[in-house]
Amino acid sequence: MAWLAILGLVGLTAGCSKPEPEAEPIRSVKVQTVTPSVLQSRLEFSGDVRARVESRLGFRVAGKMVRRQAELGQRVKVGEVLAQLDPQDFRLANDAAQAQVAAALTNRDLAAADYKRYKELRDQNFISGAELERRDTALKSAQAQYDQARAQSSSQGNQARYTRLVADVAGVVTGIEAEPGQVVAAGTPVVRIAQDGPRDVVFTVPEDMVAAMAVGSPVEARIWASDAVLSGTVREVAASADPVTRTFQVKVALETAEPPPLGTTMTVVPKALSRAGAPVIKLPTSALWQDAKQGSAVWVLEPSSMTVRAQPVAVATADGNEVVIGSGLTPGMQVVTAGVHVLAPGQKVRIYQERTTASAAAVPAPAPVAAASTPAAK
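As the structure is a computational prediction, the values presented were derived from the model and not from experiment.

### Thoughts on the environment of Val280
Phase 1 of the analysis: By the secondary structure assignment, Val280 is in strand S17 (residues 279–284).
Phase 2 of the analysis: Using a relative accessible area of 16% as the deciding quantity, one classes Val280 as buried.
Phase 3 of the analysis: Along the primary structure Val280 and Thr35 are separated by 245 residues, whereas in three dimensions their C-alpha atoms are 8.8 Å apart.
Phase 4 of the analysis: If we skip the residues at most four places from it in the chain, Val280 touches Thr35, Pro36, Ser37, Val38, Leu39 and Val324.

Structure below.
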């Protein structure tokens with residue numbers, strides 16, 4: 001019976017000890033060897049076609065606008081009436097000016113008749129020379145008043161004609177800034193016209209790239225709605241940044257006899273900013289992960305121990321579906337490209353091998369069955 005008690009005690013002691021933890025399975029990872037590559041993408045900007053010269057036309061006199069003939073998108077010619085002010089007050093002022101001209105003409109004619117009569121009297125020595133000089137002075141004053149009245153009448157006539165807003169250039173109406181019934185001041189823009197002639201593609205660049213946009217540098221412009229590609233050159237670069245977006249406006253002159261319609265969306269590729277073909281290091285986006293302290297990082301495989309270590313990297317830009325690494329990696333390193341979010345520093349891994357479907361074993365053909373010979377009848 002003693003040996004039974006000893007066996008029971010040994011069994012109880014073995015049951016109370018902790019089982020050993022199972023070893024963590026070695027994870028399979030995909031790796032990529034870091035090799036120099038070339039940049040394929042180009043910097044592209046979105047722009048639109050605008051007229052090189054755009055005029056904002058307004059009345060040269062103040063008044064109430066009673067009619068607007070111009071419509072948005074309308075093509076206008078030189079001399080075409082665009083809008084009309086109420087001309088009643090200007091007509092009355094013109095009539096008053098013409099009446100002043102008539103009165104001044106009458107006074108001048110009267111002064112001229114007096115001077116002629118007094119000159120004849122002076123020739124006959126009936127009056128003194130001083131009296132004739134007074135009549136001559138009165139005639140000159142009447143003539144000056146007549147000239148002044150005529151000038152004022154001409155000015156009032158111009159004021160009356162200024163109540164009609166007439167297009168002085170040919171082009172397309174791109175904006176309406178006043179409506180009938182509105183009282184406008186002199187010079188207030190009413191109609192905006194894009195003049196016929198050369199066209200520009202206008203786009204903006206950030207301030208870290210504006211230094212490379214030199215006037216005269218070549219640019220490639222592609223129409224967004226088609227595959228047509230146009231050539232152009234940088235014509236103008238803004239001297240100051242936009243106060244809101246902090247970008248600089250760039251105007252490109254298109255080198256084509258038939259420019260695209262106004263407002264056409266263009267994709268602009270400045271050749272001065274092109275980095276296509278530059279040697280870079282590229283990785284799939286799946287290789288990146290974010291470290292709380294170091295920022296962007298990748299897992300680098302140590303072939304000697306088959307473990308991984310974290311390697312901080314600096315991302316320069318994107319190239320299609322890949323990221324361009326600015327610093328942190330050198331050619332020859334092996335970087336984990338899949339399963340990065342389940343790894344830890346020093347963790348042992350193994351390289352994932354693609355499974356290949358084994359070809360079906362050839363089934364041996366059945367052996368031919370020999371036909372039984374029938375014995376000949378005797």
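Having seen the model, we can carry on.
### A few points about the pairing of strand S14 (residues 229–237)
Phase 1 of the analysis: Inspection of the sheet shows strand S13 (residues 218–223) paired to S14 by five bridges, in the antiparallel sense. Residue pairing in the sheet places Val219 in a bridge with Gly232 of S14.
Phase 2 of the analysis: Where S13 folds back on S14, the antiparallel hairpin that results is connected by five residues.
Phase 3 of the analysis: Here S14 runs beside strand S15 (residues 247–254); their pairing, made up of five bridges, is antiparallel. Within the sheet, the bridge partner assigned to Thr233 lies in S15 and is Ala253.

### Describing the confidence of the model for the chain
Phase 1 of the analysis: Summing up the model confidence of the chain, the mean pLDDT is 83 and the portion of residues at 70 or higher is 86%.
Phase 2 of the analysis: Confidence, read as mean pLDDT per element, is least for helix H1 (residues 2–16) in the chain (52) and greatest for strand S7 (residues 81–85) (94).
Phase 3 of the analysis: Predicted confidence for residues 358–363 stays below pLDDT 50, and this span has zero contacts to residues more than four positions away or in other chains.
Phase 4 of the analysis: The low-confidence segment residues 365–378 (pLDDT under 50) makes zero contacts with residues lying over four places distant or belonging to another chain.

### Observations regarding helix H2 (residues 88–123)
Phase 1 of the analysis: Between the first and last C-alpha of H2 there are 53 Å, a value that for 36 residues agrees with the 52 Å anticipated at 1.5 Å per step.
Phase 2 of the analysis: For H2, every residue scored as buried is listed here: Phe90, Asn94, Ala97, Val101, Ala104, Ala111, Asp114 and Tyr118.
Phase 3 of the analysis: Asn125 occupies a position one or two residues after H2 and carries a positive phi of about 60°.

### Topic: the pattern of salt bridges
Phase 1 of the analysis: As enumerated under the stated definition, the model contains 19 salt bridges in all.
Phase 2 of the analysis: Two residues, Glu131 and Arg135, come together in a salt bridge whose shortest N-O distance is 3.3 Å. With Glu131 and Arg135 both in helix H3 (residues 129–161), this residue pair falls four residues apart, about one helical turn.
Phase 3 of the analysis: Salt bridges sharing common partners tie together Arg52, Asp200, Arg235, Glu236 and Lys251.

### A look at the environment of Ser296
Phase 1 of the analysis: Of note, Ser296 is situated in strand S19 (residues 295–302).
Phase 2 of the analysis: On the accessibility criterion, Ser296 (18% relative accessible area) is buried.
Phase 3 of the analysis: Ignoring any residue separated from it by four or fewer positions in sequence, one finds Ser296 in contact with Trp289, Gln290, Pro312, Val313 and Val315.
Phase 4 of the analysis: For Ser296, the side chain forms a polar contact with the side chain of Gln290, separated by 3.0 Å.

### Topic: the packing of aromatic side chains
Phase 1 of the analysis: What the rule picks out here adds up to two aromatic pairs.
Phase 2 of the analysis: Between Phe45 and Phe203 the ring centres are 5.7 Å apart and the planes differ by 35°, which places this aromatic pair in the tilted class. Highlighted residues: Phe45 in strand S3 (residues 45–51) and Phe203 in strand S12 (residues 199–206), separated in sequence by 158 residues. With respect to class, Phe45 is no different from Phe203; both count as buried.
Phase 3 of the analysis: Considering the side-chain rings of Trp289 and Trp299, the 4.6 Å spacing of their centres and the 15° angle between planes classify their relative orientation as stacked. Taken as a pair, Trp289 in strand S18 (residues 289–291) and Trp299 in strand S19 lie far apart in primary sequence, 10 residues in all. Here Trp289 matches Trp299 in class, with each residue buried.
Phase 4 of the analysis: Positioned over the ring face of Tyr146 is Arg108, at 4.9 Å from the centre of the ring.
Phase 5 of the analysis: The side chain of Arg135 reaches across the aromatic face of Tyr118, ending 4.3 Å from its centre.

### Overview of the sheet that holds S7
Phase 1 of the analysis: Spatial ordering of the open sheet is given by S8-S7-S5-S10, a layout of four strands whose pairing is antiparallel. Where the open sheet ends on each side, the last strands, each with one partner, are strand S8 (164–166) and strand S10 (183–184).
Phase 2 of the analysis: Where strand S5 (residues 63–68) meets S7, three bridges bridge the pair, whose relative direction is antiparallel. Counted as the bridge partner of Arg68 is Ala83 from S7.

### Some points on the side chain of Thr264
Phase 1 of the analysis: Structurally, the position occupied by Thr264 is in the loop between S15 and strand S16 (265–270).
Phase 2 of the analysis: There is a polar contact of 2.6 Å between the side chain of Thr264 and the backbone oxygen of Pro261.
Phase 3 of the analysis: In contact with Thr264, not counting residues within four places along its chain, are Gly47, Asp48, Val49 and Ile223.

Reading the values: the criteria
- Residues numbered from 1 in each chain as written.
- Predicted model: local features only at pLDDT ≥ 70, side-chain atom pairs only at ≥ 80, totals over all residues.
- Heavy atoms only, no water.
- Helix = DSSP H or I, 4+ residues; strand = E, 2+ residues; numbered from the N terminus.
- Buried < 20%, exposed > 50% of the residue type's maximum accessible area, 1.4 Å probe, protein only.
- Contact = heavy atoms within 4.5 Å.
- Pairing = 2+ DSSP bridges.
- pLDDT = per-residue confidence, 0-100.
- Expected span 1.5 Å × (residues − 1).
- Salt bridge = Lys/Arg side-chain N within 4 Å of Asp/Glu carboxyl O.
- Polar contact = N/O pair within 3.5 Å; in protein donor to acceptor, adjacent residues only side chain to side chain.
- Phe/Tyr/Trp six-rings, centres within 6.5 Å; stacked < 30°, edge-to-face > 60°.
- Lys NZ or Arg CZ within 6 Å of the ring centre and 35° of its normal.

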